[in-house]
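So the chains spell out like this:
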Amino acid sequence: MSTTNIPTLELHDLEVSYTVRGIDRQVLRDISFSIAPGEAYGLVGESGCGKSTVAFAAMRYLPRNGKITGGEIFFEGKSIVEIDEGDVAQLRRSAISMVYQNPSTALNPTIRIGKQIAEVFELNGASKSEAIERAQAALVQVQISDPAQVMRRYAHQLSGGMAQRVVIAMALASNPRLLVMDEPTTGLDATVEAEVLDLVRELRRDTGTAVLFISHNLGVIRNMCDRVGVLYAGTLVEQGATADLFNNPSHPYTVGLLRCIPRGGLHKSTDRLDTIPGTPPALGTKFDGCVFAARCALVDDKCRTQPPQMVTIDGAHVARCFHSDKAGSLPRSVEQIEYVPEAKGHSTKVGDTLLDISHLSKVFTQDGHRIRVINDVSLTLGVGETLGLVGESGSGKTTIAKLVLGLVEPEDGGIITLDGKGLAKTLNRRDVQDIGGIQIVFQNPDQALNRRHSVTRIVGRAVERLRGFSAQSSIKRAHELLLGMRVEASLHGARPVQLSGGLKQRVAIARAFAGAPQIVLCDEPTSALDVSVQAAILNLLVDLQKQDQTSFIFISHDLGVVRYISDRIAVLYLGRVVEFGTSQRVFNGPFHPYTEALLSSVPNIDGSTRKRIPLTGVVPSPSKPPSGCVLNPRCPRKEGSGYEALCETEEPNLTEVEPGHFMRCHVPMAKLKQLQS
Amino acid sequence: MTDETSKQTKQMELSERLAVLKKNKAFIIGASILAFWVFSAIFGKLVARYDQDFADYESISSSPSLKYWFGTDSSGRDVYSRVIIGSRIIIVISFLATLLGAFVGASLGLTAGYLKGRFDMVLMRILEAISAIPVIIIALLAVAAIGRASSVITILIIGIIFTPNVARTVRAAVLGESELEYVAAAKLRTEKTAHILFREVLPNVLPTLIVEFTVRLGYAIFAVATLSFLGAGLEAGSPDWGTQVADTWSLIFSEIWWPTLFPSLAIASIAVSINLISDALLEVFEL
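Residues numbered from 1 in each chain as written. Chains lettered and ligands numbered in written order. Predicted model: local features only at pLDDT ≥ 70, side-chain atom pairs only at ≥ 80, totals over all residues. Heavy atoms only, no water.

Peer 1: In this structure, what is going on with the packing of helix H4 (residues 79–115) of chain B against helix H5 (residues 117–131) of chain B? I would like to understand it.
Peer 2: To describe two helices that pack against each other, one gives the angle between their axes and the distance between the axes. Residue and element names in this part refer to chain B. Remark: H4 packs on H5, axes separated minimally by 7 Å, with the N-to-C direction vectors making an angle of 140 degrees. Between H4 and H5, the interaxial angle falls into the category oblique. Between H4 and H5 lies a crossing of left-handed hand. Two secondary-structure elements touch here, H4 through Leu108, Thr111, Ala112 and Leu115 and H5 through Gly117, Phe119, Asp120, Leu123, Met124 and Leu127. Considering only residue class, the contact of H4 with H5 consists of seven nonpolar, two polar and one charged. (Axes fitted to C-alpha atoms, helices over the stretch in contact; angles between N-to-C directions. Helix = DSSP H or I, 4+ residues; strand = E, 2+ residues; numbered from the N terminus. Parallel < 35°, antiparallel > 145°, perpendicular 65-115°, else oblique. Left-handed = near helix turned anticlockwise from the far one by under 90°. Contact = heavy atoms within 4.5 Å. Nonpolar A, V, L, I, M, F, W, Y, C, P; charged D, E, K, R; others polar.)

Peer 1: In this structure, what is going on with the sheet that holds strand S17 (residues 421–422) of chain A? I would like to understand it.
Peer 2: Hydrogen bonds between backbone atoms are what pair the strands of a sheet, whose relative direction is either parallel or antiparallel. Residue and element names in this part refer to chain A. The strand order S14-S13-S16-S17 describes an open sheet built from four strands, whose pairing is antiparallel. A single partner strand is all that each edge strand has here, and the edge strands are strand S14 (369–382) and S17. Examined bridge by bridge, strand S16 (residues 415–418) and S17 share two bridges and lie antiparallel to one another. Looking at S17, one finds that leucine 418 is bridged to lysine 421. This element, helix H13 (residues 397–405), spans strand S13 (353–366), S14 and S16 of the sheet and lies at about 115 degrees to S13. (Pairing = 2+ DSSP bridges.)

Peer 1: It is not clear to me how the pairing of S16 of chain A should be interpreted in this structure. Could you clarify?
Peer 2: All names here are of chain A. Residues Ile416 and Leu418 point to one face of S16 and are all buried, whereas Ile415 and Thr417, pointing to the other face, are not buried. By the bridge criterion, four bridges tie S13 to S16 in an arrangement that is antiparallel. Among the inter-strand pairings, isoleucine 357 is bridged to a residue of S16, identified as isoleucine 416. Between the antiparallel neighbours S16 and S17 lie two residues, among them aspartate 419 with a positive phi of about 55 degrees. (Buried < 20%, exposed > 50% of the residue type's maximum accessible area, 1.4 Å probe, protein only.)

Peer 1: Before we go on, may I ask you to explain the pattern of salt bridges in this structure?
Peer 2: All names here are of chain A. Applying the stated criterion to the full structure yields 36 salt bridges over all chains. With a closest N to O distance of 3.2 Å, glutamate 195 and arginine 165 form a salt bridge. One end of the pair, glutamate 195, is in helix H8 (residues 190–207); the other, arginine 165, is in helix H7 (residues 160–173), and 30 residues separate them in sequence. By relative accessible area, which is 23% here, glutamate 195 ends up partly exposed. (Salt bridge = Lys/Arg side-chain N within 4 Å of Asp/Glu carboxyl O.)

Peer 1: What exactly am I supposed to notice about the pairing of S14 of chain A here?
Peer 2: Remember that side chains alternate between the two faces of the sheet whenever the strand is regular. All names here are of chain A. Pairing between S13 and S14: 10 bridges, direction antiparallel. Bridging across to S14, leucine 360 finds its partner in valine 377. Where S13 hands over to S14, the hairpin turn is made up of two residues, of which aspartate 367 adopts a positive phi near 50 degrees.

Peer 1: Explain the interface of chain B and chain A to me, please; I cannot follow it from the model alone.
Peer 2: Many authors give the size of an interface as the accessible area that is lost as the parts come together. In this assembly, 25 residues from chain B lie in contact with 36 residues from chain A. Roughly 2,800 Å² of surface becomes buried between chain B and chain A when both sides are summed, with 53% attributable to carbon and sulfur atoms. At the boundary of chain B and chain A, one finds four salt bridges. Between arginine 465 of chain A and glutamate 191 of chain B there is a salt bridge, with the nearest N and O atoms lying 3.6 Å from each other. Between the two partners, chain B and chain A, sit 11 residue pairs in polar contact (both at pLDDT 80 or more). Secondary structure elements with two or more residues in the side of chain B that touches chain A: helix H1 (2–10), helix H8 (181–187) and helix H9 (193–229) of chain B. When residues in the side of chain B that touches chain A are grouped by element, the largest group, six residues, is from H9 of chain B. Per-class residue counts for the side of chain B that touches chain A are nine nonpolar, five polar and 11 charged. (Buried area = accessible area lost by both parts, 1.4 Å probe. Polar contact = N/O pair within 3.5 Å; in protein donor to acceptor, adjacent residues only side chain to side chain.)

Peer 1: Mind showing me how you'd approach the sheet that holds strand S23 (residues 655–658) of chain A here?
Peer 2: All names here are of chain A. Pairing is mixed across the open sheet formed by eight strands, whose spatial order is S18-S19-S20-S15-S21-S22-S24-S23. At either end of the open sheet lies a strand with only one pairing partner, and these are strand S18 (438–441) and S23. On average, adjacent strands in this sheet sit at an angle of 25 degrees to one another, irrespective of strand direction. Inspection of the sheet shows strand S19 (residues 519–523) paired to strand S20 (residues 551–555) by five bridges, in the parallel sense. Directly across from leucine 521, in S20, lies its bridge partner isoleucine 553.

Peer 1: Is there a simple way to think about a nonpolar patch on the surface in this case?
Peer 2: All names here are of chain B. Together, Ile136, Leu140, Phe229, Leu230, Trp249, Ile252, Phe253, Trp257, Leu261 and Leu265 make up a nonpolar patch on the protein surface, roughly 950 Å² of accessible area in all. Sorting the residues of the nonpolar patch by element identifies helix H6 (135–146) and helix H11 (258–285) as the ones contributing at least two each. The topology assignment puts isoleucine 136 in helix H6. (Patch = residues over 30% accessible without salt bridge, like charges linked within 9 Å, V, L, I, M, F, W, Y side chains within 5 Å. Areas by Shrake-Rupley, 256 points an atom, 1.4 Å probe, with all protein chains shown as cover.)

Peer 1: How should the confidence of the model for chain B be read in this particular structure?
Peer 2: Detail in the predicted coordinates should be disregarded across regions flagged by low pLDDT. Residues and elements named next belong to chain B. Scored by pLDDT, chain B has a mean of 85; 94% of the residues are at 70 or more. Highest mean pLDDT in chain B belongs to H8 (94); lowest belongs to H1 (38). Contacts of residues 1–10 to residues separated by more than four positions or lying in other chains number 12 contacts, the stretch itself having pLDDT below 50. The ipTM assigned to the predicted complex is 0.83, against a pTM of 0.86. (pLDDT = per-residue confidence, 0-100.)

Peer 1: What is the right way to look at the side chain of serine 566 of chain A in this model?
Peer 2: Tracing the sequence through the fold places serine 566 of chain A in the loop between helix H20 (559–565) and strand S21 (568–573). Within the structure, serine 566 of chain A has its side chain in polar contact with the backbone oxygen of valine 562 of chain A (distance 2.8 Å).

Peer 1: Help me understand the packing of aromatic side chains, please; the structure alone is not making it clear to me.
Peer 2: Within a pair of aromatic rings, the relevant descriptors are the distance that separates the centres and the angle that separates the planes. The full count for this structure, using the stated rule, is 18 aromatic pairs over all chains. Taken together, a centroid distance of 4.5 Å and an interplanar angle of 50 degrees make the contact between tyrosine 232 of chain A and tyrosine 253 of chain A tilted. Of the two residues, tyrosine 232 of chain A sits in strand S9 (residues 227–232) while tyrosine 253 of chain A sits in helix H11 (residues 252–260), which places them 21 residues apart along the sequence. Given the relative accessible area of 3%, tyrosine 232 of chain A is considered buried. Judged by its relative accessible area of 0%, tyrosine 253 of chain A is buried. Measuring from centroid to centroid gives 5.4 Å for tryptophan 257 of chain B and tryptophan 258 of chain B, while their planes differ by 85 degrees, and the two rings are edge-to-face. The ring of phenylalanine 322 of chain A has lysine 302 of chain A lying over it, and the distance from NZ or CZ to the ring centre is 4.3 Å. Note that arginine 216 of chain B overlies the ring of phenylalanine 162 of chain B, its terminal NZ or CZ placed 5.3 Å from the centroid. (Phe/Tyr/Trp six-rings, centres within 6.5 Å; stacked < 30°, edge-to-face > 60°. Lys NZ or Arg CZ within 6 Å of the ring centre and 35° of its normal.)

Peer 1: Would you mind going over the environment of threonine 208 of chain B with me for this structure?
Peer 2: With respect to the helices, strands and loops of the structure, threonine 208 of chain B is situated in helix H9. Spatially, the C-alpha atoms of threonine 208 of chain B and leucine 282 of chain B are 8.3 Å apart, while their sequence positions differ by 74 residues.

Peer 1: What should I look at first to understand the side chain of threonine 260 of chain B in this one?
Peer 2: Locating threonine 260 of chain B in the fold gives a position in helix H11. When residues no more than four places from it in sequence are discounted, the contact partners of threonine 260 of chain B are Val245, Thr248, Trp249 and Ile252 of chain B.

Okay, here's the thing in structure tokens:
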């Protein structure tokens, strides 16, 4: 901590507008906060609330159509709103650095890593050879092993986590007094995210740099920041020390946001997720009263007509609400659906095995290399049950979904049976009933819905093809389905472009249910959505399952979501199932070492700290899997288990370690239990 | 945020894009010029001042004047009227030729881009071979073979020669589109390949196709003019611009420049107008 009292960054009543199609639209209103030297300030909010605009404004780096229309920005006590471009450049060169969300686009693909980092040092006056030396030292600082070798590589030769480390090294090269990090770990796998966050924490301790940390992920913010500001519709609605704000949220929006998240322990069978009704206001909306009034359960006439000021809750903890005292007891908002289930022709009952996958493998050939992306996967799914698939990117989750759907042909020997009936390997050899019986909700509704077709057509056509209805009754059923998914009738003629992300995903879900499916695969259905929308979509899926006894295969990298919605969970690593069991068993242990590492890497929203079990090294290429157990080079439990030799030479089988709990590990369960306690 | 905003512009509605297009200066100028020529092509007789074959033997090769705006040619025919009336032939032929090329090219490009694999490989190699053939030589050979120039043959030749370019452009767009999940979604409701190609994918590559069409149309105008200049494009005696230039260019050396200049300017103006339009479309559709 520095001894001066001057904050590194101070925003005072900042207002920013964007000019969109000739009209000025205000995106930030009355933003005031300050960051002390050495402090980490977190800015959290949903997409479109203006988080990144704050960051860009603080760096005087607004897009060309953006301008500061009011207020002040002070950097170390000096106003930077009016200074000219030359001074701004000087500031960015020597005092403020930024780390963006996507490291692969932040690096120049044509320049070697070493040279890119060295350039920053040269810019600050170092000689060529000195700059190279310091670049290497910078890589050591961000804990990259074998920095000399990494310096010679190009950006595409780095993994996501490595690339982000390099970006951080570049940002730190100028020895900045303020580091702006905009969603620095979004898009990275959980274990990599945890490593990058650890690194940032350590660097902050060593360098004493002030950090403005922007994220939509409340768990990350909670674990990284000293103080937090909650942004809604371009307005700071609540601010305070991290623990105060999370333990005693005092703005209805913060309360709602925290309640939306499927926190540890919540399960669909007993808990329903809260949602925040309505949608965030469009860019540039004008407000007479409180920005959150339209979605707030505590709203009264005063809120609608009079803009609230910040009220002190407790010391530095402030909230912009007339009813901050009542925020904690905000009524729960739980929406219901009016879905009309269809009588199904199958005779199964809840609990019976519906889908049986056995010995499924898939080999892709790339540049002459055979890459075994799925290796001997066997799973079962019961009627009305949800099977969660978790694993890091590249573990084969989506490929399994495609194999089940018949979009990709499995290798010989793999068998998929639905309701006791063997399914053809590819889609064009399956009959309509089989195809309609297994449907999917894709991750990205922008790509999954044809942007040239209307909502009615998208759903109606699916009904027509899969159910054999006439065109007219298909449209009728499509409207029924859409209304059941809470897509209003006025939107049925709209194109996907005109809908919000959540509505698009509802349309995609309606389409998946068009053929009265027995199984719906959900491939990261909520990862492109904000948490409040995510909660509503999860509730919808759970309701549909209850009414229709539909089974789900739910793919997600978000362990909280998977835990909430799944009955059983399969953990995948390098195309293999390493652990398979009930949600309870998988999350409460004893764990497979990989599962253990994965779980420990998730930042906890309740602020509890736990020891992180690191996975060392990088995910090996599936074209050259390690000998023995594929996890062994990275396994956190191999050393000292007494099974090292076996782990390195022989691949373990998936064995039932206790009733209904399968693991692929040489270390016996009793030993694992002992190591993990 | 910037990601969000750029995503939003990419997803602009067609009607919004058209509104932007209407404000585009290049588009306004190009469309006005083209509109003039299309009007002349349809209602040529109204715009022209004399019949195309009317000859004033009193004033042969007279320079531009109030009576004959663009002067008269060596037969005493009004150059202005012949330029106006000549627009019909060149516009109709280049439009039909481009339409043929666009239709065949788009169908092949869609199929190749969607099916990929061996079909794509073989088809694209064949198309590459076709695009290596020079238009003019083929046209001259055709004239030699059938003994006379014919507009139908010209349309066929230009159409076939344009097919590979259109096919390649459409294929590239389809390659990207067919990876998107709405295609998988269509397969998962048992749609036939033809339906996926023409009802699902085609509407999404239509902007690309439209731009490619206008670019090709510009080239077609040049090709038709060149062929008729060489006497290999159209039936003998057509009042089209290429033939007019061919008939009169030698007079330039006698300082009679007007019967050559005005049809040439007409060719240039229509080619420029189409290029302005295609540039504007490229910009507005962000291709």
